[in-house]
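Overview (structure and organization)
Below are the chains, spelled out letter by letter.
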Number of protein chains: 4
Amino acid sequence: MKATRSAAAPPEEGHTASSPAPAKSRRTAGKRNAVATRQRILEAAMAEFAEHGFSGSRIDRICAAADVNVGMIYHYFGNKNDLYLAALESSYKIIRDREQSLDVNDADPLLALRALIELTFDFLSTDPHFVRLIMNENLMMGRTAQRSATIPHMTRPLLDSLRTILKRGQKEKVFQKNIDAENLYVSILGLCFIHVSNRHTLSSMFQRDFAEPDWLAQRRLIVVDVVTSYITDKAGK
Amino acid sequence: MKATRSAAAPPEEGHTASSPAPAKSRRTAGKRNAVATRQRILEAAMAEFAEHGFSGSRIDRICAAADVNVGMIYHYFGNKNDLYLAALESSYKIIRDREQSLDVNDADPLLALRALIELTFDFLSTDPHFVRLIMNENLMMGRTAQRSATIPHMTRPLLDSLRTILKRGQKEKVFQKNIDAENLYVSILGLCFIHVSNRHTLSSMFQRDFAEPDWLAQRRLIVVDVVTSYITDKAGK
Amino acid sequence: MKATRSAAAPPEEGHTASSPAPAKSRRTAGKRNAVATRQRILEAAMAEFAEHGFSGSRIDRICAAADVNVGMIYHYFGNKNDLYLAALESSYKIIRDREQSLDVNDADPLLALRALIELTFDFLSTDPHFVRLIMNENLMMGRTAQRSATIPHMTRPLLDSLRTILKRGQKEKVFQKNIDAENLYVSILGLCFIHVSNRHTLSSMFQRDFAEPDWLAQRRLIVVDVVTSYITDKAGK
Amino acid sequence: MKATRSAAAPPEEGHTASSPAPAKSRRTAGKRNAVATRQRILEAAMAEFAEHGFSGSRIDRICAAADVNVGMIYHYFGNKNDLYLAALESSYKIIRDREQSLDVNDADPLLALRALIELTFDFLSTDPHFVRLIMNENLMMGRTAQRSATIPHMTRPLLDSLRTILKRGQKEKVFQKNIDAENLYVSILGLCFIHVSNRHTLSSMFQRDFAEPDWLAQRRLIVVDVVTSYITDKAGK
DNA sequence: GATGAATGAGTATTCATTCAT
DNA sequence: TATGAATGAATACTCATTCAT
């Protein structure tokens, strides 16, 4: 086994949690569809790992959710660790793909940046599964992400997009000169991540629900404001 | 058990994770010291829970680290859940206490705000234990923080400090008018938290170490910049 | 879990404690037989619970006796409590089934009654397992018997038999008029139960072995005498 | 240690569960009363062992009930086994003493017998503690009763009383000739014991409460009837 | 490909008992 | 006499993984 690897083998068509297969007739069908079975397992695993973390996740629950036998998981994915790797990579793929749906060239650079921020905010806020999976992976010291060859690969286009936007904004003199794309992404991520990742402890602290639609709508505006205030700051050091 | 409770019983002198007592000579000394034993367990638990999360933590490891028998944990803390509650509350107490060491009245409001940001940044970056504990608690849906009576209590002074700073800055016309203290704290936390919480996945993405002193020093300046740009933005919405 | 339930799932062919399968060749035979495994566990559990009571029983000993892995018990029976329920129900089934082997209609009512008494006496005296299981269940306040749906169900035919016998004896004017079937059964049970249930304390009191065949044979006659004297008493109150 | 022994050391004045000592001022009294402390422990132990059986009983609960420290139990009674022996002997002493309060010589032998039956019935029915203790001891194969020197000793007067009654009844030709005192006692005990010992399983079987006062009153009459029918049976074999 | 019976190593928790003070 | 901190052995239960069919 190499230093890094990818667990994503067959092309997974459609990353959403919907199972397009004729779900209930499967049992009696006799012969099953290997690709569909693998996909069902993967989707069940993504949900389970996001919900319970790696060590809290149960192979049995994944089997029940995917309606497969225990052996199938070992047949298709080898073991719990590699199944988790596959789930992690698939999750990253969803957000990275979505980011690439933005058009960074045509629009006004400020609008392009705003669109990226809003996409990130919405993606993380709408479905906490991804945030939970990332949090769990970090609690495990990123030992699985390190094994992945595809994760750094998927990051390139994102960085390229940000750099394109920044370059255009700086050229047009609406952005500060010395903004670093990586750092900017970290800031955006931090501002879009925290109320999802820390939703429950913040609720205990402030006795308020940080998933309330009204609060989220207002918060979304603030996050955009914080980033754009900074990036357009004329006094920029 | 009632709605909320606190697991912090005896006054714990010195909340840092360092054990000032001559740890290894205890066994032979024949001294029985309930308070010290309890404190040793608590500190070991804080480290273990931060390192491995709740379900990944092992009672046996805590025992070994605290150099006590298994039964002592159950004698002093009841069970793993309540030990975890005590560790969580103690951890919160450390940062909340430190925040209160700042003087919010005397200084220039911008400097006061900057000091709070830097304190938060440094506290979270220097020792990832707190961040990890909070992340784990959120992965568990905050079910333990909810049981705590002291956590919301400890938050009051922090909010009061922020409001005091904001009021003075607005009075002196250096801050925007419509900044909400709660939202401001969430922004600060997000910016100071993300490179610690997501250290490992960000490393996989960007192939760089986000705990490097140089990077941290630069990031610290940026975080202050982001917040102050926003809060002093003359175009304030 | 609902109010009452039954733990008896697959039909257990042959309720005696004997294991008809070639027990020790199973391991090497490579055969996987769920029904037989379940049955082996159940029989081992009946013996263990009878021998040591519920809390004194050890899951490990049941495993060893049934020659199965610990996990199998939890796979087939859920937990210690439910395994105990299954053992209790199976034990009751044995005596209730045996009672139904008597023919209450054809014989002389006095002979029919005598047969029931003797069957009860012999069943309880021959194998103390059942008595011990019942004693233990009562020490636990019958909390498990209460959960069983089958125990009251199995009692009906017994009561019906007794009532049939009584009715015929009263019709033929050999029995007292006002004998209550339930109370009669309690008397019979008390007279057949005590020297088994209290065997050891009675031995300490009277310094004699109450399981000696000679004593039992004599006692059997006396018990029949006591009941028939009462039931045929012409001075019946 | 000898083959048999007695754990009853200091004379226990008053075997009822009442603690005649000034209960609540004890804590502040400083110096305590050794005899009273021992007695408090013994009474708490009798209740605990009757309630939970030997292995279900907890030293800590006994301590709490007796309001003493753990060490006191080991100081006064050595260990759990010996405390249990003391509790068992004390319990037997209560019923044996009560039996001796009957006057077997003056009364009509049938009335004397009836009085003994009723005393036994009432004693066992009124307080199930004794029955539970005996049941538990038998489940433990009487291993503790065997160690007791006082239990067989206390049985002599009971047997003597029964023999006296029987002899007078046979002399007066109201009793059968061939009644054995020991066997008669076993019958009486069985009839008086069963609805207490098997209260809960009988309740599950017959769906009725066997501790109901009305049922008990009726049952008491029946038990007397059963015994006297037998003993006065003219057809006595 | 698919099933589910079987395994074994681990893990939180309990509890009688000891012992320094 | 009395206290309660400390010990260690035991015990029910979990779970990823294997393997015969």
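Since the structure is predicted, the reported quantities are computational estimates derived from the model, not experimental observations. (Residues numbered from 1 in each chain as written. Chains lettered and ligands numbered in written order. Predicted model: local features only at pLDDT ≥ 70, side-chain atom pairs only at ≥ 80, totals over all residues. Heavy atoms only, no water.)

**Points about the overall build of chain A**
- The number of helices and strands found in chain A is 10 helices and zero strands.
- When the helices and strands of chain A are placed in sequence order, the string is α-α-α-α-α-α-α-α-α-α.
- With 237 residues in all, chain A has 52% of them scored as buried.
- If you take every contact in chain A between residues at least 6 apart in sequence, the share linking residues at least 24 apart comes to 73%.
- Entry remark: accessible area of chain A is about 10,900 Å², with carbon and sulfur atoms responsible for 55%. (Helix = DSSP H or I, 4+ residues; strand = E, 2+ residues; numbered from the N terminus. Buried < 20%, exposed > 50% of the residue type's maximum accessible area, 1.4 Å probe, protein only. Contact = heavy atoms within 4.5 Å. Areas by Shrake-Rupley, 256 points an atom, 1.4 Å probe, with all protein chains shown as cover.)

**Focus on the side chain of C:Ser204**
- You can see C:Ser204 is positioned in helix α11 (residues 199-206).
- Since its relative accessible area comes to 7%, C:Ser204 is described here as buried.
- Those residues within four positions of C:Ser204 in sequence are excluded, and the remaining contacts are D:Ala145, D:Gln146, D:Ile151 and D:Pro152.

**Thoughts on the packing of helix α7 (residues 128-139) of chain C against helix α10 (residues 181-197) of chain C**
All names here are of chain C.
- Contact geometry for α7 and α10: axes closest at 10 Å, N-to-C directions at 90°. For the element pair α7 / α10, the angle class is roughly perpendicular. Residues Pro128, Val131, Ile134 and Met135 of α7 pack against Phe193, Val196 and Ser197 of α10.
- In the contact of α7 with α10, the residues fall into six nonpolar, one polar and no charged. (Axes fitted to C-alpha atoms, helices over the stretch in contact; angles between N-to-C directions. Parallel < 35°, antiparallel > 145°, perpendicular 65-115°, else oblique. Nonpolar A, V, L, I, M, F, W, Y, C, P; charged D, E, K, R; others polar.)

**A look at the relation of the copies chain D and chain C**
- With an RMSD of 0.1 Å, chain D superimposes on chain C once it is rotated by 180° and translated 0.0 Å along the axis. Both chain copies can therefore be described as sitting about a two-fold axis. For chain D, the smallest separation between a C-alpha atom and the rotation axis is recorded for D:Gly190, amounting to 2.3 Å. (Least-squares fit on C-alpha atoms with pLDDT ≥ 70 in both.)

**Considering the interface of chain B and chain A**
- On the side of chain A, 53 residues touch chain B, which itself brings 53 residues to the contact.
- When chain B packs against chain A, close to 5,000 Å² is buried across both sides, 63% of that on carbon and sulfur atoms.
- Between chain B and chain A we count two salt bridges in total.
- One salt bridge connects B:Arg208 with A:Glu182, and the closest N-O pair in it is separated by 2.4 Å.
- Our count for the contact surface shared by chain B and chain A stands at 18 residue pairs in polar contact (both at pLDDT 80 or more).
- Of all elements in the fold, only α2 (34-56), α5 (80-100), α7 (129-139), α8 (150-171), α9 (181-197), α10 (199-206) and α11 (213-231) of chain B reach the threshold of two or more residues within the side of chain B that touches chain A.
- Ranked by the residues each element gives to the side of chain B that touches chain A, the list is headed by α9(B), at 11 residues.
- For the side of chain B that touches chain A, the class distribution of residues is 24 nonpolar, 18 polar and 11 charged. (Buried area = accessible area lost by both parts, 1.4 Å probe. Salt bridge = Lys/Arg side-chain N within 4 Å of Asp/Glu carboxyl O. Polar contact = N/O pair within 3.5 Å; in protein donor to acceptor, adjacent residues only side chain to side chain.)

**Notes on the UniProt feature "DNA-binding region" (unreviewed entry) in chain A**
- UniProt records the feature "DNA-binding region" (unreviewed entry) for residues 58-77 of chain A in the present numbering.
- Span residues 58-77 of chain A is 80% helix and 0% strand, its end C-alpha atoms 15 Å apart. (UniProt positions renumbered as here; feature names shortened; annotations may be inferred.)

**Some words on the relation of the copies chain B and chain A**
- Rotating chain B by 180° and moving it 0.1 Å along the rotation axis overlays it on chain A with an RMSD of 0.1 Å.
- The fraction of interface residues of chain B whose copies in chain A are also interface residues reaches 100%, indicating that both copies meet through the same surface.

**Considering the pattern of salt bridges**
- Within this structure, the stated rule accounts for 44 salt bridges over all chains.
- In this structure, C:Arg220 and C:Glu118 form a salt bridge, with 3.7 Å as the shortest nitrogen-oxygen distance. Taken together, the positions of C:Arg220 in helix α12 (residues 213-231) and C:Glu118 in helix α6 (residues 109-126) put the pair 102 residues apart, joining distant regions of the chain.
- By relative accessible area, C:Arg220 is classed as partly exposed at 26%.
- Owing to a relative accessible area of 18%, C:Glu118 belongs among the buried residues under this scheme.
- Among the ionic pairs, C:Arg168 bridges to C:Glu172, the shortest N-O distance being 4.0 Å.
- When its relative accessible area of 44% is taken as the criterion, C:Glu172 is described as partly exposed.
- Three or more residues are tied together by salt bridges with common partners; here these are A:Arg114, A:Glu118, A:Asp122 and A:Arg220.

**Description of the packing of aromatic side chains**
- Summed over the entire model, instances satisfying the criterion amount to 32 aromatic pairs over all chains.
- Ring geometry for C:Tyr92 versus C:Phe130: centroids 5.5 Å apart, planes at 90°, classification edge-to-face. Of this pair, C:Tyr92 sits in helix α5 (residues 80-100) while C:Phe130 is found in helix α7, placing the two residues 38 residues apart along the sequence. Considered together, C:Tyr92 and C:Phe130 belong to a single accessibility category, that of buried residues.
- Where D:Phe206 meets D:Phe210, the ring centres are 6.3 Å apart and the plane angle is 65°; that geometry is what we call edge-to-face.
- Given a relative accessible area of 9%, D:Phe206 falls into the buried group.
- D:Phe210 sits in the buried class, given a relative accessible area of 1%.
- If you follow B:Arg143 out to its NZ or CZ, it ends over the ring of B:Phe54, 5.4 Å from the centre. (Phe/Tyr/Trp six-rings, centres within 6.5 Å; stacked < 30°, edge-to-face > 60°. Lys NZ or Arg CZ within 6 Å of the ring centre and 35° of its normal.)

**Section: unusual backbone geometry**
- If you check the backbone angles, A:Asp67 has positive phi at about 55° while not being a glycine.
- Structurally, A:Asp67 can be placed in the loop between α2 (59-66) and α3 (70-77).
- A residue is classified by how much of its surface remains accessible, and A:Asp67, at 24% relative accessible area, is partly exposed.
- Not every positive phi belongs to a glycine, and C:Gln207 is a case in point at roughly 55°.
- Along the chain, C:Gln207 turns up in the loop between α11 and α12.

**Considerations on the packing of helix α2 (residues 34-56) of chain C against helix α3 (residues 59-66) of chain C**
Residues and elements named next belong to chain C.
- Viewed as axis vectors pointing N to C, α2 and α3 meet at an angle of 150°, and their least axial separation amounts to 9 Å. Between α2 and α3, the angle is such that the two are roughly antiparallel. Considering only the axes of α2 and α3, their crossing is right-handed. Every residue of α3 that contacts α2 at Arg40, Ile41, Ala44, Ala45, Glu48, Phe49, His52 and Gly56 is listed here: Arg61, Ile62, Ala65 and Ala66.
- Of the residues in the contact of α2 with α3, the class split is seven nonpolar, two polar and three charged. (Left-handed = near helix turned anticlockwise from the far one by under 90°.)

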